[in-house]
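Spelled out, the chains give:
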Amino acid sequence: MTAKTRQEQIDDALRKLHAVVEGVKASVVVNRDGLLVAAMPAGNDEDVLAAMSATLVGLAERTLGRLDQGSLERLLVEGEDSVMVAYPAGRAMLAVMIGKEHKIGPVLYAASVTAKSVAQVLAS
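In short, a report on the structure. Treat the numbers as computed from the prediction; the structure is a model and nothing was measured.

## Side note on the nonpolar core
Side chains that are nonpolar tend, in soluble globular proteins, to be buried together.
So, step 1. By size, the foremost hydrophobic cluster in this structure holds 24 residues, and its most contacted members are Ile 10, Val 29, Leu 94, Val 96 and Val 118.
So, step 2. Broken down by secondary-structure element, the contributors of at least two residues to this core are helix H1 (6-20), strand E1 (24-31), strand E4 (82-89), strand E5 (92-99) and helix H3 (104-123).
So, step 3. The leading source of residues in this core is H3, at eight residues.
So, step 4. Discounting residues that sit within four places of it in the chain, Val 118 has contacts with Ile 10, Ala 13, Val 29 and Ala 89.
So, step 5. In this structure, Ala 50, Ala 54, Leu 75 and Ala 86 belong to the second largest nonpolar core, which totals 16 residues.

Set out below in structure tokens:
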């Protein structure tokens, strides 16, 4: 049996995230420049989510640094219909869109675990 590629491992992590928690509309793994690494489901404006989440995370990191408030642990943006949460994932980041009608706690936990998994894959 052949070892899975990094891309396959990241895709598996996103599939697992969508399978284990209710309410995840979309998820992306994005590099720090906003370039898409992986998306679930494909064809769901993932390029827009990737670019915008990378921009927001970059701004949040600069703001925290400028205010001497430590490293970014999580960015949460709440809209009228959905919530976006982004976690650093090593050389990349994970952004997840959640339906507002769903409980956010389980999604936050699962997204945190997924971001750590992605970071490990990218570090190997």
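## Some words on the pairing of E4
Regular strands place side chains that alternate from one sheet face to the opposite one.
So, step 1. Of all eight residues that make up E4, seven are buried, and the element is covered over most of its length.
So, step 2. Taken together, the four bridges between strand E3 (residues 75-78) and E4 define a ladder with antiparallel strand orientation. For Glu 78, the partnering residue across the bridge sits in E4 and is Val 83.
So, step 3. Turn length for the E3-E4 hairpin, with the two strands adjacent in sequence and antiparallel, is three residues.
So, step 4. Sheet analysis places E4 next to E5, joined by eight bridges and oriented antiparallel. Looking at the pairing, Ala 89 lines up with Ala 92 of E5.
So, step 5. Between the end of E4 and the start of E5, which pair antiparallel, lie two residues, with Gly 90 showing a positive phi angle near 70°.

## Quick word on the pattern of salt bridges
So, step 1. This model, assessed by the stated rule, comprises four salt bridges.
So, step 2. Its salt-bridge partner being Asp 12, residue Lys 4 comes within 2.4 Å of it at the nearest N-O pair.
So, step 3. A relative accessible area of 25% places Asp 12 in the partly exposed class.
So, step 4. A salt bridge links Arg 15 to Asp 12; the shortest N-O distance between them is 2.7 Å. Taken together, the positions of Arg 15 and Asp 12, both in helix H1 and three residues apart, correspond to about one turn of that helix.
So, step 5. Judged by its relative accessible area of 43%, Arg 15 is partly exposed.
So, step 6. Put simply, Lys 4, Asp 12 and Arg 15 are held in one network by salt bridges that share partners.

Rules used throughout
Residues numbered from 1 in each chain as written. Predicted model: local features only at pLDDT ≥ 70, side-chain atom pairs only at ≥ 80, totals over all residues. Heavy atoms only, no water. Core = buried A, V, L, I, M, F, W, Y, C linked by side-chain atoms within 4.5 Å. Buried < 20%, exposed > 50% of the residue type's maximum accessible area, 1.4 Å probe, protein only. Helix = DSSP H or I, 4+ residues; strand = E, 2+ residues; numbered from the N terminus. Contact = heavy atoms within 4.5 Å. Pairing = 2+ DSSP bridges. Salt bridge = Lys/Arg side-chain N within 4 Å of Asp/Glu carboxyl O.

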